[in-house]
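Structure at a glance
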Amino acid sequence: MKLALIGATGLVGQVMRDVLEEFNIPLTAFIPAASARSLGSKVTFRQKTYTVCSIEQALAESPDVALFSAGGNVSRQWAPAFARKGCRVIDNSSAWRMDPDVPLLVPEANAHVLNAAHRIIANPNCSTIQLVVALAPLH
């Protein structure tokens, strides 16, 4: 799986890299991308150093999955372009949370709502996720 991380230089991007490493998600390519301000900077993933590219460059690489953690404006602008190329986008911003055509997903609670046609997937904020995981069995 070829994975792009949009917002790779931010704090959440670092945590996403750590989690991907911790769970040893099998990847054939890792594409760190960020804003123009971070272009050319370096990030480490799985003991390898990567040069941060632009979102345009990440899109040109045709990733299978793109994790977005760069804010709502970036997600609204770029997630549809990645989706049109067949990429599955998992968005960590608030951009798609209330869109009726985008599933708001907490896998432990409602993974069944996801289908192959969904290209953009929203997730709730971090405190809501924890609450939903705890309350789902009671529901």
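Residues numbered from 1 in each chain as written. Predicted model: local features only at pLDDT ≥ 70, side-chain atom pairs only at ≥ 80, totals over all residues. Heavy atoms only, no water.

1. Things to note about the sheet that holds strand β5 (residues 65-68)
- Taken in spatial order, the 5 strands of this open sheet run β2-β1-β5-β6-β7, and their pairing is parallel. Since the sheet does not close on itself, it has two edges, and those belong to β2 (29-33) and β7 (120-122), each with one partner. Adjacent strand axes in the sheet meet at a mean angle of 15 degrees when their direction is disregarded.
- Looking at chain direction, strand β1 (residues 2-6) and β2 are connected through 5 bridges and run parallel. The residue of β2 that forms the bridge with Ala-4 is Ile-31.
- Relative to β5, helix α3 (residues 72-84) is tilted by about 175 degrees, and along the sheet it contacts β1, β5, β6 (88-91) and β7. (Pairing = 2+ DSSP bridges. Helix = DSSP H or I, 4+ residues; strand = E, 2+ residues; numbered from the N terminus. Axes fitted to C-alpha atoms, helices over the stretch in contact; angles between N-to-C directions. Contact = heavy atoms within 4.5 Å.)

2. Considering the nonpolar core
- The biggest cluster of nonpolar side chains holds 22 residues, and the ones touching the most others in it are Ile-6, Ala-58, Phe-68, Trp-78, Phe-82, Trp-96 and Ile-120.
- Elements represented by at least two residues in this core include exactly β1, β2, α2 (55-60), β5, α3 and β7.
- For this core, the element with the highest residue contribution is α3, accounting for 5 residues.
- With residues up to four places along the chain from it excluded, the contact list for Phe-68 reads Ile-6, Met-16, Val-74, Ser-75, Trp-78, Ala-79, Phe-82, Val-89, Ile-90, Asp-91, Asn-92 and Ser-93.
- Among the nonpolar cores identified, the runner-up in size contains 13 residues, and Leu-3, Leu-5, Met-16 and Leu-20 belong to it. (Core = buried A, V, L, I, M, F, W, Y, C linked by side-chain atoms within 4.5 Å. Buried < 20%, exposed > 50% of the residue type's maximum accessible area, 1.4 Å probe, protein only.)

3. Focus on the packing of aromatic side chains
- Evaluated as defined, the whole model comprises 4 aromatic pairs.
- Ring geometry for Phe-30 against Phe-45: centres 4.2 Å apart, planes inclined by 25 degrees, an arrangement best described as stacked. Within this pair, whereas Phe-30 is found in strand β2, its partner Phe-45 is found in strand β3 (residues 42-45), the two being separated by 15 residues in sequence.
- Accessibility expressed as a relative area gives 7% for Phe-30, which makes it buried.
- By relative accessible area, Phe-45 is classed as buried at 1%.
- Taking the centre distance of 6.4 Å and the plane angle of 55 degrees together, the rings of Phe-45 and Tyr-50 count as tilted.
- Connected via pairs of aromatic rings, a cluster forms that spans Phe-30, Phe-45 and Tyr-50. (Phe/Tyr/Trp six-rings, centres within 6.5 Å; stacked < 30°, edge-to-face > 60°.)

4. Topic: unusual backbone geometry
- Of note, Asn-24 is a non-glycine position whose phi angle comes to about 50 degrees, a positive value.
- Overall, Asn-24 belongs to the exposed group, its relative accessible area being 55%.

5. With respect to the environment of Thr-128
- Checked against the element boundaries, Thr-128 lands in helix α5 (residues 126-135).
- What makes Thr-128 partly exposed here is its relative accessible area of 32%.
- Between the C-alpha atoms of Thr-128 and Val-106, which are 22 residues apart in sequence, the distance is 9.4 Å.

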